[in-house]
Number of protein chains: 2
Amino acid sequence: MNPKIIKPTLFLNTQIIKNNIQRMSNKAASQKVGFRPHFKTHQSIAIGEWFREAGTSQITVSSLGMAEYFANNNWKDITVAFPANILEIELINQLASKIKLGLLVESENVIFFLTQHCVFPVNVWLKIDAGYHRTGLDWQDITRISNCASAIRASSNLNLMGLLTHGGNSYHTSKEEIPALFAEGISRLSHVRETLERQGFTNLLISVGDTPGSSLSNSFSGADEVRPGNFVYYDAQQLALEVCTFDQIGALVACPLVALHPQRNEAVIYGGAIHLSKDTVTHQGKTHFGFICSSDGNGWAKIIPDAYIKSLSQEHGVVVLPDEIFQSLTEGDLLYIVPSHSCLSANLLGSGKTTEAQIIDMYRYTSD
Amino acid sequence: MNPKIIKPTLFLNTQIIKNNIQRMSNKAASQKVGFRPHFKTHQSIAIGEWFREAGTSQITVSSLGMAEYFANNNWKDITVAFPANILEIELINQLASKIKLGLLVESENVIFFLTQHCVFPVNVWLKIDAGYHRTGLDWQDITRISNCASAIRASSNLNLMGLLTHGGNSYHTSKEEIPALFAEGISRLSHVRETLERQGFTNLLISVGDTPGSSLSNSFSGADEVRPGNFVYYDAQQLALEVCTFDQIGALVACPLVALHPQRNEAVIYGGAIHLSKDTVTHQGKTHFGFICSSDGNGWAKIIPDAYIKSLSQEHGVVVLPDEIFQSLTEGDLLYIVPSHSCLSANLLGSGKTTEAQIIDMYRYTSD
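Rules of the game
- Residues numbered from 1 in each chain as written.
- Chains lettered and ligands numbered in written order.
- Predicted model: local features only at pLDDT ≥ 70, side-chain atom pairs only at ≥ 80, totals over all residues.
- Heavy atoms only, no water.
- Helix = DSSP H or I, 4+ residues; strand = E, 2+ residues; numbered from the N terminus.
- Buried < 20%, exposed > 50% of the residue type's maximum accessible area, 1.4 Å probe, protein only.
- Contact = heavy atoms within 4.5 Å.
- Areas by Shrake-Rupley, 256 points an atom, 1.4 Å probe, with all protein chains shown as cover.
- Lys, Arg positive; Asp, Glu negative; His and termini not counted.
- Charge placed at Lys NZ, Arg CZ, Asp CG, Glu CD.
- Pairing = 2+ DSSP bridges.
- Buried area = accessible area lost by both parts, 1.4 Å probe.
- Salt bridge = Lys/Arg side-chain N within 4 Å of Asp/Glu carboxyl O.
- Polar contact = N/O pair within 3.5 Å; in protein donor to acceptor, adjacent residues only side chain to side chain.
- Axes fitted to C-alpha atoms, helices over the stretch in contact; angles between N-to-C directions.
- Parallel < 35°, antiparallel > 145°, perpendicular 65-115°, else oblique.
- Left-handed = near helix turned anticlockwise from the far one by under 90°.
- Nonpolar A, V, L, I, M, F, W, Y, C, P; charged D, E, K, R; others polar.
- Least-squares fit on C-alpha atoms with pLDDT ≥ 70 in both.
- pLDDT = per-residue confidence, 0-100.
- Phe/Tyr/Trp six-rings, centres within 6.5 Å; stacked < 30°, edge-to-face > 60°.
- Core = buried A, V, L, I, M, F, W, Y, C linked by side-chain atoms within 4.5 Å.
- Expected span 1.5 Å × (residues − 1).

**Concerning the overall build of chain A**
Stage number 1. Helix and strand counts for chain A come out as 12 helices and 20 strands.
Stage number 2. With respect to the principal axes defined by its C-alpha atoms, chain A has extents near 70 × 40 × 35 Å.
Stage number 3. Counting over 368 residues, chain A shows a buried share of 65%.
Stage number 4. Contacts spanning at least 24 positions in sequence make up 66% of the contacts within chain A whose residues lie at least 6 apart.
Stage number 5. Working note: accessible area of chain A is about 12800 Å², and carbon and sulfur atoms make up 48% of it.
Stage number 6. A distance of 3 Å separates the average location of the 28 positive side-chain charges in chain A from that of its 34 negative side-chain charges.

Here's what the structure looks like:
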């Protein structure tokens, strides 16, 4: 199970990840909607190839830099699911010169800027706020939506693809309510589309995101494409929401145990905020930084009940453990963490190792 | 003020940082204690040089990988202020072959391992828990402390330097109580030292950390060295604790504004959990992810009252702004964030730009 792990390491279960990819890909196909998985969770060329083997050709990313990373590795149809950052117009033009680039817009200012500065054709999606209230045009504000659509139609280099939303509010609800929320998002976008159609905007697509909705909904009816990302690994937040089961957890963070405090049954791991992130998970009324699981020698076995990361500082994690587990541990052992939010942990760790000891390189953000 | 910043960027004020370095360096000198600044905040060769210019020759880091980074750049005396990770024994030996390497130990298991596996002499510090309860030997558990000291004395390649603590509990108290807490830590270590001296362990040093204590205490009496780190940049948490003033904030995160939501006076920045970290700051009863400040054209001017980062997702930050500021903004403007915790933001951004447009490279963690 341990391909020579000596410091905090993203440990990836190849079979589980491939199963996760195949299951979601099959689901989209059976629902007859496009599958444009979000690659911000794994950010990896190698795992991208596992998607390619499952038939994926269109992808989503969360930044222009990440789009460049995948474009340099033969991905030709990439949507950047983030409001277009006009300061990066040079990179937008570079990318649009060689791939089918999709951008999100939600203001006439940005549309005018792109109209003036884009040198190559760019696909644009109207980002619609269907209830999450993070970003996007309010789905009920038809005037602003319509003005944006008109501005895009008036542009010779912008191609209006359709309406896109991310139902991030699914993370703040319950398993039972998620499918209804997912359907509500599609329904609200459908309403906007019908209105725009009456105004002469035709052939608009509807693109929806979010792993909880895509995982738990039996029907994608009304959507034209789905963009889940986290499902490739899932994580403690998804477990706590009951969006996935433990045997679908594709990524753990293996952390060396460096200190034991028997007086309080606490272990200290080399594994802190710079490896796991300070994102939390709330489960059974307790908010913490991740579950701990045991190893069975060649894969992960099960979550240790009542074990969790109590606190994180820059490099330290303080782990609470039941007595019988605590007694069995010594410094230099590895603890396997189900990270609270796998997207953030993967980003921090910058690379991974698979159960087959393959090194997985990843995109890394830099401001240079 | 803006050296061509187009995406989330650690923006460093050279003069403020140099002032911070000089002030703390002078304070340690005037108090006649050693100055071993913690480099985990900046993690940068270039900023290390600014310390060197101010006379620093001994440093602290938080991982063996970071020690290697600085050792490769001519730092010869480095303490890794983290419980020794015995899985990295190869790197310990590599480092100890060329620099004066200090490690922290707190268990006989680890001391025995190091005794058996260290090839070159290593300085070890007994990590003492003086009240923070994250890690270390309880300062009152003289038996365990004494057993560890004896095990070190019995080792031919381990050299017992003294007692080291980190008063991280200072972050959870108030400005008024911090100096007393700092003094209490020193006093508790002094008590341990006196007991060990009676047992024949002589010439033990006392090393204390933490920016709040080092910044606010007028006396370092009883300590032999101080290891503050965060003071080089300070941040929103230190501001909220009143450990520093705004004109001592050395690092901001410049973030492009990508969307405006006038109906709720919220702006969305390109700047999320992967740039700023999900660490929070609590100020005047409100918990958020950082303050926003205005620019005066060639430096940072002042904090915008009632402006803060309300939420962070992977790449998005949602910023609440007062009406008059909101009205003045447009997509493509830069917002300057005082990050909640500058150590974590700097680590995430991986590089910085100074007010003089110098690119600051940084150490980056990798599990490879």
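**What to know about the side chain of B:Thr60**
Residue and element names in this part refer to chain B.
Stage number 1. The residue Thr-60 is located in strand 3 (residues 59–61) in this model.
Stage number 2. By relative accessible area, which is 0% here, Thr-60 ends up buried.
Stage number 3. Leave out the neighbours within four places in its chain, and Thr-60 touches Arg-36, Pro-37, His-38, Phe-39, Lys-40, Thr-79, Ala-81 and Arg-227.

**Digging into unusual backbone geometry**
Stage number 1. For A:Gln43, which is not glycine, the phi dihedral falls at a positive 50°.
Stage number 2. Within the element layout of this structure, A:Gln43 appears in the loop between strand 2 (34–35) and helix 2 (45–53).
Stage number 3. In this structure, B:Asn74 takes a positive phi of about 75° despite not being glycine.
Stage number 4. By the secondary structure assignment, B:Asn74 is in the loop between helix 3 (64–71) and strand 4 (77–83).
Stage number 5. The class of B:Asn74 is partly exposed, set by a relative accessible area of 49%.

**A few points about the pairing of strand 18 (residues 334–339) of chain B**
Residue and element names in this part refer to chain B.
Stage number 1. Judged by how many residues are buried, strand 18 sits mostly within the fold: six of six residues are covered.
Stage number 2. What you see with strand 18 is no split at all: Leu-334, Tyr-336 and Val-338 on one side and Leu-335, Ile-337 and Pro-339 on the other are buried throughout.
Stage number 3. Relative to strand 18, strand 11 (residues 251–261) runs antiparallel, the two sharing four bridges. Along strand 18, the bridge assignment pairs Pro-256 with Leu-334.

**Section: the interface of chain A and chain B**
Stage number 1. Across the boundary between the two partners, chain A contributes 67 residues, which contact 67 residues of chain B.
Stage number 2. Buried area between chain A and chain B, both sides added, is near 5700 Å², and the carbon and sulfur share of it is 51%.
Stage number 3. For the interface between chain A and chain B, the tally reads four salt bridges.
Stage number 4. One salt bridge connects B:Arg264 with A:Asp129, and the closest N-O pair in it is separated by 4.0 Å.
Stage number 5. Linking chain A with chain B are 34 residue pairs in polar contact (both at pLDDT 80 or more), by the criterion used here.

**What to know about the pattern of salt bridges**
Residue and element names in this part refer to chain B.
Stage number 1. Per the stated rule, a full pass over the model turns up 18 salt bridges over all chains.
Stage number 2. The partner of Asp-77 in a salt bridge is Arg-36, and the shortest N-O contact between them spans 2.9 Å. Residue Asp-77 is located in strand 4, and its partner Arg-36 is located in the loop between strand 2 (34–35) and helix 2 (45–53); the two are separated by 41 residues in the primary sequence.
Stage number 3. Here Asp-77 falls in the buried class, since its relative accessible area comes to 10%.
Stage number 4. Owing to a relative accessible area of 5%, Arg-36 belongs among the buried residues under this scheme.
Stage number 5. For the salt bridge of Glu-184 with Arg-188, the shortest nitrogen-to-oxygen distance reads 3.5 Å. Residue Glu-184 and its partner Arg-188 are both found in helix 7 (residues 178–198); the two are separated by four residues, about one turn of the helix.

**Looking at the packing of helix 3 (residues 64–71) of chain A against helix 4 (residues 89–96) of chain A**
All names here are of chain A.
Stage number 1. The interhelical angle for the contact between helix 3 and helix 4, taken along N-to-C directions, is 25°, at an axis separation of 10 Å. As the angle between them shows, helix 3 and helix 4 are arranged roughly parallel. The interaxial crossing formed by helix 3 with helix 4 has left-handed handedness. On helix 4, the residues that touch Leu-64, Gly-65, Ala-67, Glu-68 and Ala-71 of helix 3 are Leu-91, Ile-92, Gln-94 and Leu-95.
Stage number 2. When grouped by side-chain class, the residues that make up the contact of helix 3 with helix 4 number six nonpolar, two polar and one charged.

**Notes on helix 3 of chain A**
Residues and elements named next belong to chain A.
Stage number 1. Of all eight residues in helix 3, seven are buried, a share of seventy percent or more.
Stage number 2. Those residues of helix 3 not exposed but buried are Leu-64, Gly-65, Met-66, Ala-67, Tyr-69, Phe-70 and Ala-71.
Stage number 3. Close packing links the buried residues of helix 3 with helix 2, strand 3 (59–61), strand 4 (77–83), helix 4, strand 5 (100–105) and strand 20 (359–361).

**Considering the relation of the copies chain A and chain B**
Stage number 1. Laying chain A over chain B is done by rotating through 180° and shifting 0.0 Å along the axis; what remains is an RMSD of 0.0 Å. The relationship between the two copies is best expressed as a two-fold rotation axis. Of every C-alpha in chain A, the one belonging to A:Lys278 sits nearest the axis of rotation, 2.6 Å from it.

**Section: the environment of B:Asn218**
Stage number 1. Among the structural elements, B:Asn218 can be located in the loop between helix 8 (211–216) and strand 10 (225–226).
Stage number 2. C-alpha of B:Asn218 to C-alpha of B:Lys27: the two residues are 191 residues apart in sequence and 8.7 Å apart in space.

**Digging into the side chain of A:Thr14**
Residue and element names in this part refer to chain A.
Stage number 1. Locating Thr-14 in the fold gives a position in helix 1 (residues 14–30).
Stage number 2. With relative accessibility at 10%, the residue Thr-14 sits in the buried group.
Stage number 3. Excluding residues that lie within four positions of it along the chain, Thr-14 makes contacts with Trp-50, Thr-354, Thr-355 and Glu-356.

**Section: the confidence of the model for chain A**
Low pLDDT means the predicted atomic positions in that stretch should not be read closely.
Stage number 1. Per-residue pLDDT for chain A has a mean of 95; in total, 98% of the residues score no lower than 70.
Stage number 2. Prediction confidence for the complex, expressed as pTM and ipTM, is 0.96 and 0.96 respectively.

**A short note on the packing of aromatic side chains**
All names here are of chain A.
Stage number 1. Inspection of every chain in the model, using the stated rule, returns 22 aromatic pairs over all chains.
Stage number 2. Ring geometry for Phe-39 and Phe-51: centres 4.9 Å apart, planes at 45°, overall tilted. With a gap of 12 residues between them, Phe-39 in the loop between strand 2 and helix 2 and Phe-51 in helix 2 connect regions that are remote in the sequence.
Stage number 3. When its relative accessible area of 0% is taken as the criterion, Phe-39 is described as buried.

**Things to note about the nonpolar core**
Stage number 1. Ranked by internal contacts, the top residues of the largest apolar core, which has 251 residues, are A:Leu126, B:Leu114 and B:Leu126.
Stage number 2. With residues near it in sequence (within four places) discarded, B:Leu126 still touches B:Val105, B:Leu137, B:Ile145, B:Cys148, B:Ala149, B:Ile152, B:Leu160, B:Gly162, B:Leu163 and B:Leu164.

**Remarks on helix 6 (residues 142–153) of chain A**
All names here are of chain A.
Stage number 1. Taking 1.5 Å of rise per residue, 12 residues should cover 16 Å, and helix 6 covers 16 Å from first to last C-alpha, within 8% of that figure.
Stage number 2. Among the residues making up helix 6, those that are buried are Ile-142, Ile-145, Ser-146, Cys-148, Ala-149, Ala-151 and Ile-152.
Stage number 3. Summarising the contacts, the buried residues of helix 6 are in contact with strand 5, helix 5 (108–117), strand 6 (122–129), strand 7 (137–138), strand 8 (158–165) and helix 7 (178–198).

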